[in-house]
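# Residue-level structural notes
Take a look at the letters that make up each chain.
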Amino acid sequence: MICKIYQSSMEDWKESIPFDMNANISYVYDCYFPESDGMPIEVLSLWMRQSQPFPLYFCVQVEESFVEMFEETSVQHKIKQCTSKQFKNGYLVAIIEVINSEQFCGIFPLFKVLSCMDDIVLWSTQKDCFSVGDELKNKLLFTFVPIDINLQEGHTVYYLPNAGTSLTIFSNDLKFSTFKNVSSLLPSSVVPILDNED
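The structure displayed is predicted, hence computed values, not measured ones. Every chain begins its residue count from 1, and numbering advances along the sequence as written. Side-chain atom pairs in this predicted model are given and counted only at pLDDT of 80 or more, local residue features only at pLDDT of at least 70, and totals for whole chains, interfaces and linings cover all residues. Hydrogens and waters are ignored; side-chain quantities use all the structure's heavy atoms.

### Focus: the packing of helix 3 (residues 67–76) against helix 4 (residues 101–116)
Each axis is a line fitted through C-alpha atoms, and for a helix only the stretch in contact is used; angles between axes span 0 to 180 degrees, taken between their N-to-C directions. Segments assigned H or I by DSSP are reported as helices when at least four residues long, segments assigned E as strands when at least two residues long, and all are numbered from the N terminus. Contact pair helix 3 / helix 4: the axes reach a minimum separation of 9 Å and the direction vectors enclose 165°. It follows from the interaxial angle that helix 3 and helix 4 lie roughly antiparallel. Viewed along their axes, helix 3 and helix 4 form a crossing whose handedness is left-handed. Note on element contacts: helix 4 touches helix 3 through Gly 106, Ile 107, Leu 110 and Phe 111, opposite Met 69, Phe 70, Thr 73 and Ser 74. Throughout, the term roughly parallel applies to angles under 35 degrees, roughly antiparallel to angles over 145, roughly perpendicular to angles from 65 to 115, and oblique to all others. In this scheme the crossing of two helices becomes right-handed for a clockwise turn of the near helix relative to the far one and left-handed for an anticlockwise turn of less than a right angle. By definition in these notes, contact holds between two residues if any of their heavy atoms fall within 4.5 Å.

Set out below in structure tokens:
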């Protein structure tokens with residue numbers, strides 16, 4: 001399987017990310033799997049296992065019709081909810097703690113579905129760096145969830161944009177300082193290609 005990796009920057013993302021990141025981000029990469037329909041769960045679960053980032057903290061926006069499924073899946077896999085806020089339009093914004101690859105594999109299929117609906121799916125490594133505000137922020141046709149991210153040295157946030165078809169990495173961790181370092185974290189079955197346009 002091929003993974004195309006683009007080196008990016010916060011400047012490229014600042015107008016389009018539907019959350020606030022209040023820190024200087026050193027490394028930004030966009031990853032795309034052209035041979036897969038969206039993000040391959042098996043690859044991501046191996047990636048998470050190899051890079052040993054646990055605990056992971058997922059921050060998700062859940063549409064009203066999926067809230068019950070989200071709650072049931074969390075209970076089924078014994079996943080702890082750190083924060084949960086329901087908004088007037090029915091959206092739930094929650095932060096959960098995932099402590100191992102089994103829980104990751106259990107909850108991620110649901111998050112893949114949510115991301116395909118353009119709901120926000122973020123996760124951070126080793127530290128809960130998210131805070132959830134009180135009101136949704138509207139911008140044009142998109143609902144901006146009231147999430148602030150304080151990304152400190154040594155931590156990483158992953159984001160599933162573009163209806164879940166790609167993965168963006170925002171990191172202040174030296175593990176993501178070069179293409180070679182990023183590539184070394186991928187499973188051996190994945191062939192990484194640096195595919196910058198400039």
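Continuing now.
### With respect to the nonpolar core
Within the largest apolar cluster, 40 residues are counted, with the highest numbers of intra-cluster contacts made by Phe 58, Phe 104, Phe 111 and Trp 123. Only buried residues count toward a nonpolar core. Its members are Ala, Val, Leu, Ile, Met, Phe, Trp, Tyr and Cys residues joined through side-chain atoms within 4.5 Å. Buried residues are those whose accessible area, probed at 1.4 Å on protein chains only, stays under 20% of the maximum for their type, while exposed residues exceed 50% and partly exposed ones sit between those limits. Phe 19, Tyr 57, Cys 129 and Val 132 belong to the second largest nonpolar core, which has 24 residues in total.

### Things to note about empty space enclosed by the protein
In this analysis a 1.4 Å probe is tested at points of a 1 Å grid over the protein atoms alone, and where it fits but cannot get out there is a cavity; an open set with protein on both sides within 12 Å along at least five of seven lines is a pocket; lining residues have an atom within 4 Å of a point. Grid points are joined across faces, edges and corners, and a volume is the space filled by probe spheres set on the points. In this structure the tally under the stated criterion is 1 cavity of 30 Å³ or more. Empty space within the largest cavity amounts to approximately 50 Å³. Looking at the largest cavity, the residues that line it are Ser 51, Pro 53, Thr 125, Gln 126, Thr 156, Tyr 158, Asp 173, Lys 175, Phe 176 and Leu 185. Gly is placed with the polar residues, together with every amino acid not listed as nonpolar (Ala, Val, Leu, Ile, Met, Phe, Trp, Tyr, Cys and Pro) or charged (Asp, Glu, Lys and Arg). Residue composition of the lining of the largest cavity, by class: 4 nonpolar, 4 polar and 2 charged.

### Here's the deal with the sheet that holds strand 7 (residues 121–125)
On the basis of which strands lie adjacent, the open sheet formed by 9 strands has the order 5-6-4-7-12-13-3-1-14 and mixed pairing. With one partner strand each, in any of the chains shown, strand 5 (80–86) and strand 14 (191–194) form the two edges of the open sheet. Between one strand axis and the next, the sheet turns by 20° as a mean value, whatever way the strands run. At least two bridges found by DSSP between two strands are what make those strands a pair. Pairing of strand 1 (residues 2–8) with strand 14 involves 4 bridges; the strand directions are parallel. Directly across from Ile 5, in strand 14, lies its bridge partner Leu 194. Taken strand by strand, helix 2 (residues 41–51) contacts strand 3 (27–32), strand 4 (56–62), strand 7, strand 12 (156–159) and strand 13 (166–171), and its axis lies near 20° from that of strand 13.

### So, unusual backbone geometry
Residue Pro 55 is reached from Phe 54 by a cis peptide bond, and omega for that bond is 0°. On the secondary structure map, Pro 55 appears in the loop between helix 2 and strand 4. Notably, Lys 78 is not glycine yet its phi reads approximately 55°, a positive angle. Phi is positive for Ala 163, which is not a glycine, with a value near 55°. With a relative accessible area of 26%, Ala 163 lands in the partly exposed category.

Everything listed here is a matter of geometry and, on its own, says nothing about what the molecule does.
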